[in-house]
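Take a look at the letters that make up each chain.
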Amino acid sequence: MLHNNTRLFFWGGVLVAIVLLSFCSSLFSPYDAYSIDPLSRLKPPDAAHWFGTDNFGRDLFVRVAVAVRVSLSVGAAVALIAGFTGLTVGLMCAWFRPLDLILMRVCDGLFAFPSLLLAIAIVGVLGPNIANVVLALSLVYVPSIARVIRGAAMVVKEKNFIEALRAQGASSGRIIWLHLLPNVISPLIVQVTWVFSVAILTEAALSFLGSGVPAPTPSLGNLLLEGKAVIFTAWWMTFFPGIAIVLLILALNIIGDDLRDGAEPGLKALPVRVMRQLKKGAQRG
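Residues numbered from 1 in each chain as written. Predicted model: local features only at pLDDT ≥ 70, side-chain atom pairs only at ≥ 80, totals over all residues. Heavy atoms only, no water.

**A short note on the overall build of the protein**
When its secondary structure is counted, the protein shows ten helices and zero strands. Considering only contacts within the protein whose residues lie at least 6 apart along the sequence, 72% involve residues at least 24 apart. With the model as given, the accessible surface of the protein reaches about 14,300 Å², and the carbon-plus-sulfur share is 70%. (Helix = DSSP H or I, 4+ residues; strand = E, 2+ residues; numbered from the N terminus. Contact = heavy atoms within 4.5 Å. Areas by Shrake-Rupley, 256 points an atom, 1.4 Å probe, with all protein chains shown as cover.)

Shown next as structure tokens:
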């Protein structure tokens, strides 16, 4: 437990530091992310430009900070939308059999396509901008969350305390939102943090392929694409955006795993507490 807490605090500190640097970059650097300076083109890292400059003379530190901000915004939006939608779909499918037959077949159809190709196709139809990238990635990752939540909820659905609630006349809505929902929080946390991290990676891949965040808005994928042409002469243009992606994904995944481990003991005890309450109610009756 102590080891997990230490790891959680360390990677939580890494994530907080990245977020603060990305949103407060103007406090650390006087440069603008879009200002072009041809005389400073492809300068290596130094005291003036911590991460060097790109092929237009723009400060790479500020551009990476803005790109991380964009990636965090996209990842958070996708995690929230896909998490809420997947949670709702999974719980409804677990409880209502007719909905399960329809919605799970839709999810199976979406699973038939590789996530990156499906995202590229959706963005290609809607057009490359941040809002459409969020919508496409949310649609891509809803089925994975819904399937996990459905599986966890169906296990809880067969428990004795659910049958006891049914026998006492509890409504479907009450059982779903007050008793099934708390018991699927653990897998939901893991799935949402996974979607958060993989959305950042997929957005970077889409931008690298030209189907994500359009220029001149910096994103981690755009920066990697710009640095690809000069990777042997200006290594910093790919190194720093790549390090940012690695740290973000590692921090989010490790934090998600540790939060899951910390949430499980309380969640495992929940059915016991519910059964005690039911017994007290029966005794009073």
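The structure having been displayed, the exposition proceeds.
**Points about the side chain of Asn-222**
Here Asn-222 shows up in helix H9 (residues 220–228). Overall, the relative accessible area of 9% leaves Asn-222 in the buried class. Polar contacts involving the side chain of Asn-222 include one to the main-chain carbonyl oxygen of Val-213, which spans 2.9 Å. With sequence-adjacent residues up to four places away left out, Asn-222 is seen in contact with Ser-207, Phe-208, Val-213, Pro-214, Ala-215 and Thr-217. (Buried < 20%, exposed > 50% of the residue type's maximum accessible area, 1.4 Å probe, protein only. Polar contact = N/O pair within 3.5 Å; in protein donor to acceptor, adjacent residues only side chain to side chain.)

**Some points on the packing of helix H2 (residues 60–95) against H9**
It is the contact of H2 with H9, at a shortest axis distance of 8 Å, that shows an interaxial angle of 140°. Taken together, the axes of H2 and H9 are oblique relative to one another. Across the interface between the two elements, Arg-63, Val-64, Ala-67, Val-68 and Ser-71 of H2 pack against Leu-220, Leu-223 and Glu-226 of H9. When its residues are assigned to classes, the contact of H2 with H9 shows five nonpolar, one polar and two charged. (Axes fitted to C-alpha atoms, helices over the stretch in contact; angles between N-to-C directions. Parallel < 35°, antiparallel > 145°, perpendicular 65-115°, else oblique. Nonpolar A, V, L, I, M, F, W, Y, C, P; charged D, E, K, R; others polar.)

**Some details on a nonpolar patch on the surface**
On the surface, Leu-21, Leu-27, Phe-28 and Trp-50 cluster together into a nonpolar patch covering about 430 Å² of accessible area. Within the secondary structure layout, Phe-28 lies in the loop between helix H1 (2–23) and H2. (Patch = residues over 30% accessible without salt bridge, like charges linked within 9 Å, V, L, I, M, F, W, Y side chains within 5 Å. Salt bridge = Lys/Arg side-chain N within 4 Å of Asp/Glu carboxyl O.)

**Notes on helix H7 (residues 172–183)**
Here H7 contains twelve residues, and its C-alpha end-to-end distance of 16 Å stays within 8% of the 16 Å for a straight helix at 1.5 Å per residue. Residues of H7 that are buried: Ile-175, Ile-176, His-179, Leu-180, Leu-181 and Asn-183. (Expected span 1.5 Å × (residues − 1).)

**Thoughts on the nonpolar core**
Counting 42 residues, the largest nonpolar core has Val-78, Leu-91, Leu-137, Tyr-141, Ile-162 and Leu-180 as the members making the most contacts within it. At the level of elements, H2, helix H4 (115–126), helix H5 (130–157), helix H6 (160–167), H7 and helix H8 (185–208) are the ones that each hand at least two residues to this core. At twelve residues, the largest contribution of residues to this core is made by H2. For Ile-162, the residues in contact, after removing those within four places along its chain, are Trp-95, Val-156, Lys-157, Ile-175, His-179 and Leu-180. (Core = buried A, V, L, I, M, F, W, Y, C linked by side-chain atoms within 4.5 Å.)

**Quick look at the packing of H4 against H8**
At a closest axis distance of 11 Å, the pairing of H4 and H8 adopts a crossing angle of 60°. With respect to each other, H4 and H8 are oriented oblique. When the axes of H4 and H8 are compared, the crossing they make is right-handed. Taking contact as the criterion, the partners of Leu-116, Ala-119, Ile-120 and Val-123 in H4 are, on H8, Thr-202, Ala-205 and Leu-206. Its residues placed into classes, the contact of H4 with H8 shows six nonpolar, one polar and no charged. (Left-handed = near helix turned anticlockwise from the far one by under 90°.)

Don't take any of this as a statement about function, it's just geometry.
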